[in-house]
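Residue-level structure breakdown
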Amino acid sequence: MGSAGDTEPPLQLQSKNVCVVGAGMAGMAAARELQREGHAVTVMEQSADVGGQWLYDPGTDGEDPLGATEPVRVPGSMYACLRLISPREAMGFSDFQFLPRHGVAGRDPRRYPVHREMYCYLREFCDAFGLLDAVRLNTRVLRVAPAMPASSTRQWAVRSVHLGDRNEKEEVFDAVAVATGHYSQPKLPSIKGMAEWRRRQLHSHSYRTPEPFRGEVVVMVGCGDSGKDIALDVRRAAKEVYLTAKSTEEAMTPAMSKMLAKHANLHLRPQIDQLHADGRVVFSDGSSVVADTVMYCTVYTYSFPFLETCGAVTIDDNRVGPLFEHVFPPSLAPSLSFIGIPRKVPIPWFFEAQGRWVAQVLSGRRALPPEEKMLRSVEEHYRARDAAGVPKRYTHDIGGVEPLKMYEFGEKYCDFRRIEDWQRELILSGIAGMSQDMENFRDRTDDDSENVRKGLQRWYGLAAPAQAQHDQTVSTKDHIHMAAAEVEVDVEVQAMAELLVN
Ligand SMILES: Cc1cc2nc3c(=O)[nH]c(=O)nc-3n(C[C@H](O)[C@H](O)[C@H](O)COP(=O)(O)OP(=O)(O)OC[C@H]3O[C@@H](n4cnc5c(N)ncnc54)[C@H](O)[C@@H]3O)c2cc1C
């Protein structure tokens, strides 16, 4: 036992050379935390800009609208009219809030803004913390594999190609954090007659605007939130839109009833039994329609075509594993990690917590349990999910199944503060609003509780001065970049407005 005057020896933190794959919300959150902890960070991003899904790409996988090839050529799945379904007040980085920019051209100050607003905000975040210097754009990662010869500490060889000059290179890193998202690679159903169907078939990954469907009969497979949202958009141009569901009773939420009652060209049918080469779509109740297009709104699957781990990390029915707390593969931890695997979590708050944990484990500030203990924890998680009847494909849905665990995650592993109560309340009231009225919930923001109103007052009070300081330091170059972005958004908004009046 030490005497009263003993002090702990100062912690010798190690700085690692870390590659982050992907410059979306998760990748940039991780990059910031890694830099903050003193690591040298290189972010490799295949697109021409940061933003991930929030970087709207009007182009699609034209040759492969179903996105059946892995990996898809175009990572973006965002459609032009998309407005966020989560409130901006709960969608900010912990120390750089997502404040509305009232009166700034091209910006959308609403609680549930258009997708471009999220992109602009992420750019501002990168500027504020000088992250762009660490990002290599137009750089696709082709292969991540253990570096040879193996040394006592595991390192990773990262092979990448610059998509401009096709120059390939291989570099060795102490650690790799995979942050490539999971909204790019379509998950397709298997329906009788799909292969014989000669008319248009696409996954919602390739949906951008309603115009290509003008005058068409469109059948949509799957009517989750994005299915409903897209149906409301495509119906503006299409002649008829048929949403289909496994159970029409379950699908008939108040939101669905309102949509069907309001729009005469929207219909709900049971799931498709068969597609016929002549264009007939037969539903499971025996009814049929002749359709021009079948659109699959059937979610996405995890995909890491560049990763070689000799079976240490596998994907089975949308379960990526084994991953300790959805982040570290026990046999390869901590040098390999995943940021952004969990679904239905508040972003970027949850990604920040994951990034901070990885950064602190790599530096030696925190330790992971031994490999066997991490594996046991993963197996317990699987068993608990099985016992609760949660299908394997929902392994990483933690927001809906274990919200408490999600909120405690940061505190438990890296002293990262929880999202506040009023922000949680705001998220939940958005979800409730969406199930009541998909079309209008985003604009009903006048019924905040007292708790939320007080939280908002504090939020503006704390966040505004910090952001004002940042605004003064944004460089002229960045203003030019944002101005160009604003012109684009204006064109987009105008196109939407024209569509709405037609
Ligand atoms: C239509 C749609 C609407 C959504 N609406 C909401 C919403 O309202 N609220 C909400 O919270 N979330 C929403 N989401 C989910 C949201 O997009 C994600 O939670 C978040 O953006 C995920 O960030 P990410 O960084 O993990 O992944 P992504 O944004 O997908 O970023 C991954 C990045 O990795 C890059 N990449 C992939 N492979 C490679 C490679 N081999 N080499 C180099 N780079 C690579 C990609 O180009 C991409 O930039 C929506 C998603 C979609 C598709």
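Residues numbered from 1 in each chain as written. Predicted model: local features only at pLDDT ≥ 70, side-chain atom pairs only at ≥ 80, totals over all residues.

**A short note on the sheet that holds strand β4 (residues 139–146)**
Pairing within the open sheet is antiparallel, and its three strands lie in the order β4-β5-β6. On the outer flanks of this sheet lie β4 and β6 (168–173), each paired with one strand and no other. In this sheet, adjacent strand axes meet at a mean angle of 25° when their direction is disregarded. (Pairing = 2+ DSSP bridges. Helix = DSSP H or I, 4+ residues; strand = E, 2+ residues; numbered from the N terminus. Axes fitted to C-alpha atoms, helices over the stretch in contact; angles between N-to-C directions.)

**What to know about the sheet that holds strand β3 (residues 135–136)**
Reading across from one edge, β3-β2-β1-β7-β18 is the order of the five strands in this open sheet, with parallel pairing throughout. Edge positions in the sheet fall to β3 and β18 (336–338), since each has one partner strand and no second. Note that strand β1 (residues 17–21) and strand β2 (residues 40–44) share five bridges and pair parallel. Paired with V18 across the bridge in β2 is V41. On top of the sheet, helix α1 (residues 25–36) reaches β1, β2 and β7 (175–178); it is set at about 165° to β2, its chief contact. (Contact = placed C-beta atoms within 7 Å.)

**Quick notes on the confidence of the model for the protein chain**
Confidence in the prediction of the protein chain, expressed as mean pLDDT, is 90, and 91% of residues score 70 or more. Scored below 50 in pLDDT, residues 1–5 shows zero contacts in the model against residues more than four places distant or in partner chains. (pLDDT = per-residue confidence, 0-100.)

**Details of helix α6 (residues 349–363)**
Residues spaced three or four apart along an α-helix point in a common direction, a consequence of the helix completing one turn every 3.6 residues. Its 15 residues give α6 an end-to-end C-alpha distance of 21 Å, which sits within 8% of 21 Å, the value for a rise of 1.5 Å per residue. A positive phi of about 95° marks G364, the residue just after α6. (Expected span 1.5 Å × (residues − 1).)

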